[in-house]
Amino acid sequence: LEEQIKHLTDLNKQISQDALNLTNALKGESKTRGDWGELQLQVLLENSGLKKDVNFQMRPTFIDDNGKKTQPDCIIILPDGKNYVIDSKVSLVAYDNYVGVEDIKEKEIYLKQHIDSVKQHIKELSEKDYSSIHDINPPDYVFMFVPIEPAWFSAIETTNGELYTLALEKNIVLVSM
């Protein structure tokens, strides 16, 4: 019994360290956050019954009209020859700060930073011209996937839907888990 308790204690320490490492990675490197968001999207699609490389492709590479390499995070393959483009965006740093403080004024500052971060992602995504890719038939809208539902909801709720409208005006639909 003593040996099992020691084993469980060691396992708990390892899990805590792994969680801390993941948290630090997600707060630090933009590439790491992006990879994590794409993985969350893939898991969501697979759990929905879709099959990778049959019903959807992750990070396919295309060449646009100008010869520039374009790599959407995900393409959903629809039966009628159309495709949905999904781009995963992780806005974690300001949101994490927002949920981690008690002071109301600080919370307001971090929430504004979080909303500004989502707006910046919308702006960047709107500048990607997925309609210029000849190898896919994208619909009128691109989906911006926010893998942290409370972060997505807080941004939508705080702006009374204005953020959602801003995205729609740029032919982007904000989605989450």
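Heads up: the structure comes first, above all this text.
About the criteria used
Residues numbered from 1 in each chain as written. Predicted model: local features only at pLDDT ≥ 70, side-chain atom pairs only at ≥ 80, totals over all residues. Heavy atoms only, no water. Helix = DSSP H or I, 4+ residues; strand = E, 2+ residues; numbered from the N terminus. Contact = heavy atoms within 4.5 Å. Areas by Shrake-Rupley, 256 points an atom, 1.4 Å probe, with all protein chains shown as cover. Buried < 20%, exposed > 50% of the residue type's maximum accessible area, 1.4 Å probe, protein only. Pairing = 2+ DSSP bridges. Phe/Tyr/Trp six-rings, centres within 6.5 Å; stacked < 30°, edge-to-face > 60°. Salt bridge = Lys/Arg side-chain N within 4 Å of Asp/Glu carboxyl O.

K.L.:
I'd like a description of the overall build of the protein chain, backed by residues and values.
P.N.:
Along the backbone of the protein chain there are six helices and seven strands. Starting at the N terminus and ending at the C terminus, the protein chain contains elements arranged as α-α-β-β-β-β-β-α-α-β-α-α-β. In terms of overall dimensions, the protein chain has a C-alpha envelope of 65 × 45 × 30 Å along the principal axes. In the protein chain, of all internal contacts separated by at least 6 residues, the share reaching a separation of at least 24 is 57%. Here the protein chain displays about 10,900 Å² of accessible surface, and carbon together with sulfur accounts for 52% of that area.

K.L.:
Residues and numbers for the pairing of strand β6 (residues 142–146), please.
P.N.:
Most of β6 sits inside the fold, with four of its five residues counted as buried. Pairing geometry for strand β5 (residues 83–88) and β6, over four bridges, is parallel. Bridge assignment links Ser 88 to a residue of β6, and that residue is Phe 145. Alignment of β6 against strand β7 (residues 172–176), held across five bridges, turns out to be parallel. Following the sheet pairing, Val 146 is matched in β7 by Ser 176.

K.L.:
Residue-level account of the packing of aromatic side chains, with values.
P.N.:
Considering all chains together, one arrives at two aromatic pairs under this definition. Seen in terms of ring centroids, Tyr 84 and Phe 143 are 5.1 Å apart; in terms of plane orientation they differ by 85 degrees. Their pairing is edge-to-face. Taken together, the residues Tyr 84 in strand β5 and Phe 143 in strand β6 connect sequence positions 59 residues apart. On the basis of relative accessible area, Tyr 84 is assigned to the partly exposed category, the value being 33%. For Phe 143, a relative accessible area of 21% corresponds to the partly exposed category.

K.L.:
Could you give me a rundown of the environment of Leu 50, with the residues and numbers involved?
P.N.:
With respect to the secondary-structure elements, Leu 50 resides in the loop between α2 (30–47) and β1 (56–58). Owing to a relative accessible area of 27%, Leu 50 belongs among the partly exposed residues under this scheme. For the pair Leu 50 and Thr 61, spaced eleven residues apart in the sequence, the C-alpha separation amounts to 20 Å.

K.L.:
Got a sec to walk through unusual backbone geometry? Specific residues and values, please.
P.N.:
One non-glycine residue, Asp 53, adopts positive backbone phi at about 70 degrees. Here Asp 53 lies in the loop between α2 and β1. For Asn 160, which is not glycine, the phi dihedral falls at a positive 55 degrees.

K.L.:
I'd love a proper account of the pattern of salt bridges, names of residues and values included.
P.N.:
Scanning the model with the defined rule gives six salt bridges in all. A salt bridge links Arg 59 to Asp 73; the nearest nitrogen and oxygen atoms lie 2.7 Å apart. Linking Arg 59 in the loop between β1 and β2 (62–63) with Asp 73 in the loop between β3 (69–70) and β4 (74–77), this pair joins segments that are 14 residues apart in sequence. Note that Lys 128 and Asp 87 form a salt bridge whose closest N and O atoms lie 3.4 Å from each other.

K.L.:
Before we move on, can you summarise the side chain of His 114 with the specific residues and values?
P.N.:
Relative to the helices and strands, His 114 resides in helix α4 (residues 104–126). The residues touching His 114, leaving out its near neighbours within four places in the chain, are Ser 91, Ala 94, Tyr 95, Ala 151, Ser 154 and Ala 155.

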